[in-house]
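# An overview of the molecular structure
Listed below, chain by chain, are the residues.
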Amino acid sequence: MSEWALIVHGGAKTIDVALHDRNREGCRAAAAAGAIVLQFGGCAVAAVEAAIRVLENDSIFNAGFGSVLNADGAVEMDAAIMDGRDLSVGAVAGVRRIRNPIVAARALIPARSVLLAGEGAERFAEEQQIALCDPAEMIAPDRMASEYAKAHDTVGCVAIDMQGHIAAGTSTGGLPGKHPGRIGDSPLPGCGLYADDGIGGVSLSGDGEMIIRTTIAAHVMHALQAGPLCAAAETGLAQLDRVGGEGGAILIDRHGRFGVAHNSDHFAVAIHGSRLAEPHGAVHRQELEGLLDG
């Protein structure tokens, strides 16, 4: 296989019209960063990490430096990455001092542990020579503006590399005003993400508690084995009808085809690839080059 493909999302949410361009541009920049890794033969896991790092560094997104504040006025972040080659997962939750949580998540992939939380995750990051920062440095000034606080949700990426390996990743600051210690779906495989070389990969965004209760990523992967990508994404999101809530999903199958579904007002996405196949389903490539409306 000589082709590769990558898709990113900036969250399923309602976005103030004044912030539409920043969401589009941020997603495109993230996709471009991941594409650089893939076009030079890098692995899907590295591409997902590179793309999500860009999103974490952009304060328009609810991840890393753009994370919303919890009830104590602090930032607590979750992130995960999954390697479809052997189903390896690395995830961190409730971290406050890691500038790019996705980097710590990837560092966990070869470790025995799958998920580390809070101080333990930060200690692991320090052992891996991942620089820590003062928690106050993670609070972006624009997090206090109402239009930014409303436009929140998890970011993510799915990629397939030249060897046909697939990876998926997520990163989030969680819900604004959340109870300290709250953990959502993002660091949980089968809920906020999943990747399997034999099937494909998915990254979710939306109401974390509802996604956990319905294990949407697992439903999407099962549906992906039986039918088109967009239908698989929609099948997964249909689980939200049972419990309420909104969400969005991006997918890539083992052939490099992509799919998208969401029930939120907006879903910022971007794609990149050497020779992308048209998506399976009703969504066309040109519709993915910016902001999807509900």
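Now for a quick tour of the structure.

### Quick notes on the pairing of strand β11 (residues 266-273)
- Within β11, six of the eight residues are buried, which leaves the element mostly enclosed by the surrounding structure.
- Bridge analysis of strand β1 (residues 5-13) against β11 gives seven bridges, and the strand direction is antiparallel. Within β11, the residue paired with L6 across the bridge is H272.

### What about the sheet that holds strand β8 (residues 200-206)?
- In spatial order, the strands read β7-β8-β9-β10; together these four strands make up an open sheet with antiparallel pairing. Looking at strand neighbours, the two that pair on one side only are β7 (193-196) and β10 (258-262), the edges of this open sheet. Taken over all neighbouring pairs, the strand axes of this sheet differ in orientation by 10° on average, direction set aside.
- The pairing of β8 with strand β9 (residues 247-253) spans seven bridges and is classified as antiparallel. The residue bridging S205 from the neighbouring strand is G248, located in β9.
- Taken strand by strand, helix α7 (residues 216-224) contacts β7, β8 and β9, and its axis lies near 145° from that of β8.

### Structural notes on the pattern of salt bridges
- Under the definition given, this model contains ten salt bridges.
- In this structure, R97 engages E122 in a salt bridge whose closest nitrogen and oxygen atoms are separated by 3.1 Å. A residue pair is termed long-range when its members are at least 10 positions apart, and R97 in the loop between β3 (88-95) and α3 (101-108) and E122 in helix α4 (residues 118-127) qualify at 25 residues.
- Taking relative accessible area as the criterion, R97 reaches 31% and is therefore assigned partly exposed.
- Assessed through its relative accessible area of 7%, E122 is described here as buried.

### A closer look at empty space enclosed by the protein
- Considering all chains together, one arrives at one cavity of 30 Å³ or more under this definition.
- Looking at the largest cavity, its volume works out to about 70 Å³.
- Surrounding the largest cavity, 13 residues form its lining, D153, T154, T172, R182 and G206 being those nearest its centre.
- Class assignment for the residues of the lining of the largest cavity results in one nonpolar, nine polar and three charged.

### So, the pairing of strand β5 (residues 155-160)
- Of all the six residues making up β5, six are buried; the element is thus mostly covered by neighbouring parts of the structure.
- Residues V155, C157 and A159 of β5 are buried on one face, and the alternating residues G156, V158 and I160, pointing to the opposite face, are buried as well.
- Here β1 runs beside β5; their pairing, made up of five bridges, is antiparallel. Its bridge partner lying in β5, H9 is registered against G156.
- If you look at the hairpin formed by β5 and strand β6 (residues 166-172), you'll find five residues sitting between the two strands, and G164 has a positive phi there, around 85°.

### Details of helix α1 (residues 20-39)
- Spanning 20 residues, α1 covers 28 Å between terminal C-alpha atoms, matching the ideal 28 Å at 1.5 Å per step.
- Looking at α1, one finds that the buried residues are H20, N23, G26, C27, A30, A31, G34, A35 and L38.
- Immediately beyond the C-terminal end of α1, within one or two residues, lies G41, with a positive phi of roughly 90°.

### Considering the packing of α7 against helix α8 (residues 229-237)
- It is the contact of α7 with α8, at a shortest axis distance of 8 Å, that shows an interaxial angle of 145°. Handedness of the α7/α8 crossing: right-handed. In this structure, α7 uses I216, H219, V220, A223 and L224 to contact α8, whose residues at the interface are L229, A232, A233, T235, G236 and L237.

### A short note on the side chain of S205
- Structurally, S205 can be placed in strand β8.
- A distance of 3.0 Å separates a polar atom in the side chain of S205 from the backbone nitrogen of A12.
- Beyond its immediate stretch of four places on either side in the chain, S205 contacts H9, G11, A12, D153, T154, I211, E246, G247, G248 and F267.

### Things to note about α7
- By the burial criterion, the buried members of α7 are I216, A217, V220, M221, A223 and L224. Taken down its axis, α7 places every buried residue within 165° of arc, on the same side.
- Where α7 is buried, its residues touch β7, β8, α6 (208-214), α8, α9 (240-243) and β9.

### Considering the nonpolar core
- Formed by 46 residues in total, the largest nonpolar core has its most connected members in L6 and V8.
- If you tally residues by element for this core, the top one is helix α2 (residues 44-57), at seven residues.
- Once you skip the residues sitting within four places of it in the chain, V8 turns out to touch C27, A30, A31, A51, G156, C157, I250, A268, V269 and A270.
- Residues A5, A91, I250 and F267 belong to the second largest nonpolar core, which totals 20 residues.

Calculation criteria
- Residues numbered from 1 in each chain as written.
- Predicted model: local features only at pLDDT ≥ 70, side-chain atom pairs only at ≥ 80, totals over all residues.
- Heavy atoms only, no water.
- Buried < 20%, exposed > 50% of the residue type's maximum accessible area, 1.4 Å probe, protein only.
- Helix = DSSP H or I, 4+ residues; strand = E, 2+ residues; numbered from the N terminus.
- Pairing = 2+ DSSP bridges.
- Axes fitted to C-alpha atoms, helices over the stretch in contact; angles between N-to-C directions.
- Contact = heavy atoms within 4.5 Å.
- Salt bridge = Lys/Arg side-chain N within 4 Å of Asp/Glu carboxyl O.
- 1 Å grid on protein atoms, 1.4 Å probe; cavity = no way out; pocket = protein on both sides within 12 Å on 5 of 7 lines; lining within 4 Å.
- Points joined across faces, edges and corners; volume = space filled by probe spheres on them.
- Nonpolar A, V, L, I, M, F, W, Y, C, P; charged D, E, K, R; others polar.
- Expected span 1.5 Å × (residues − 1).
- Left-handed = near helix turned anticlockwise from the far one by under 90°.
- Polar contact = N/O pair within 3.5 Å; in protein donor to acceptor, adjacent residues only side chain to side chain.
- Arc of directions from axis to C-beta.
- Core = buried A, V, L, I, M, F, W, Y, C linked by side-chain atoms within 4.5 Å.

From the geometry alone we can't say anything about function, so treat these as descriptive.
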